[in-house]
Amino acid sequence: MQMTSVISFIKAKREYIFELLFCFIGCGIFGWAFETIDVLIQDGALTDRGILFISHIGNFPIVWGLPFILIYAIGGAVLILVFKPLAKKPILLFFIGMVSMTTLEYLTALMCETLLNQVLWDYSNKFMNFQGRICLVSSIMWGLLSLLAVEVFAPVFHKAYGKIKNKHIMHIIILVLIAYIIVCYILRPILFPTMV
């Protein structure tokens, strides 16, 4: 009985679910661009971020993966899904987004360290950090990104998704990309052990 109600819910909300997955992928790509540019400005070097890797066979570069960072994808999709009703209350949205996304960042760091034995970021040298997992600047950025996600990205993604003529093909593309993202995250520590 419960499985039938889940299937009915998915059928009824199919378009909404795919639009949310569309936002998930878009936010993950934006997060990759944001972090890549941020690190380039701070350190003056391009780095492998998320699940986009550049390897070499001799002198020949091989690009593998996607320009995608999972925490931005999850964070953006959650912000758009949960905080859209706060669109007309930007100050409240900023602070709720800052606290909730900082909590997500902390829990993600903890999970990566304990379950995957990986430290993906370290804020130990940043002002007002906690255990190197979160810091004040990052929290403020999460607040600003919360505003950006709800005020800018949500309407843009909604409009872009609405303009896609062939939704069936787009649904297949989204499902293939989601599967590829999962495969990339599973294979990352195996194929690139020096990066973890």
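Residues numbered from 1 in each chain as written. Predicted model: local features only at pLDDT ≥ 70, side-chain atom pairs only at ≥ 80, totals over all residues. Heavy atoms only, no water.

### A short note on the pattern of salt bridges
Here's step 1: Within the structure shown, the criterion is met by one salt bridge.
Here's step 2: When the shortest N-O distance is used, the salt bridge between Arg133 and Glu113 registers 2.6 Å. Placement of Arg133 in the loop between strand 3 (129-130) and strand 4 (134-135) and of Glu113 in helix 4 (residues 90-115) is noted, with a sequence separation of 20 residues between them.
Here's step 3: On the basis of relative accessible area, Glu113 is assigned to the partly exposed category, the value being 22%. (Salt bridge = Lys/Arg side-chain N within 4 Å of Asp/Glu carboxyl O. Helix = DSSP H or I, 4+ residues; strand = E, 2+ residues; numbered from the N terminus. Buried < 20%, exposed > 50% of the residue type's maximum accessible area, 1.4 Å probe, protein only.)

### Some points on a nonpolar patch on the surface
Here's step 1: A cluster of nonpolar side chains, Tyr16, Ile74, Val78, Leu81 and Val82, forms an exposed patch at the surface whose accessible area comes to about 390 Å².
Here's step 2: No other element matches the four residues that helix 3 (residues 70-83) contributes to the nonpolar patch.
Here's step 3: A residue is classified by how much of its surface remains accessible, and Ile74, at 34% relative accessible area, is partly exposed. (Patch = residues over 30% accessible without salt bridge, like charges linked within 9 Å, V, L, I, M, F, W, Y side chains within 5 Å. Areas by Shrake-Rupley, 256 points an atom, 1.4 Å probe, with all protein chains shown as cover.)

### Digging into the state of the cysteines
Here's step 1: Under the counting rule described, the total for this entry stands at zero disulfides.
Here's step 2: Sulfur of Cys23: no disulfide; nearest cysteine sulfur belongs to Cys27 and is 6.1 Å away.
Here's step 3: The thiol of Cys184 is unpaired, and the distance to the nearest cysteine sulfur, on Cys112, comes to 16 Å. (Disulfide = S-S within 2.5 Å.)

### Quick word on the packing of helix 2 (residues 14-43) against helix 3
Here's step 1: One way to put it is that helix 2 packs onto helix 3 with a least axis distance of 7 Å and a crossing angle of 135°. Taken together, the axis directions place helix 2 and helix 3 in an arrangement best described as oblique. Here helix 2 and helix 3 pass one another in a crossing that is right-handed. Residues Tyr16, Leu20, Cys23, Phe24, Cys27, Gly28, Gly31, Phe34 and Glu35 of helix 2 lie in contact with helix 3, whose contacting residues are Leu70, Tyr72, Ala73, Ile74, Gly76, Ala77, Ile80 and Leu81.
Here's step 2: Within the contact of helix 2 with helix 3, the residues separate by chemical class into 13 nonpolar, three polar and one charged. (Axes fitted to C-alpha atoms, helices over the stretch in contact; angles between N-to-C directions. Parallel < 35°, antiparallel > 145°, perpendicular 65-115°, else oblique. Left-handed = near helix turned anticlockwise from the far one by under 90°. Contact = heavy atoms within 4.5 Å. Nonpolar A, V, L, I, M, F, W, Y, C, P; charged D, E, K, R; others polar.)

### Re helix 2
Here's step 1: Over its 30 residues, helix 2 extends 43 Å from the first C-alpha to the last, a length consistent with the 44 Å expected when each residue adds 1.5 Å.
Here's step 2: Looking one or two residues beyond helix 2, the residue adopting positive phi is Gly44, at roughly 70°. (Expected span 1.5 Å × (residues − 1).)

This is a description of form; function is not addressed.
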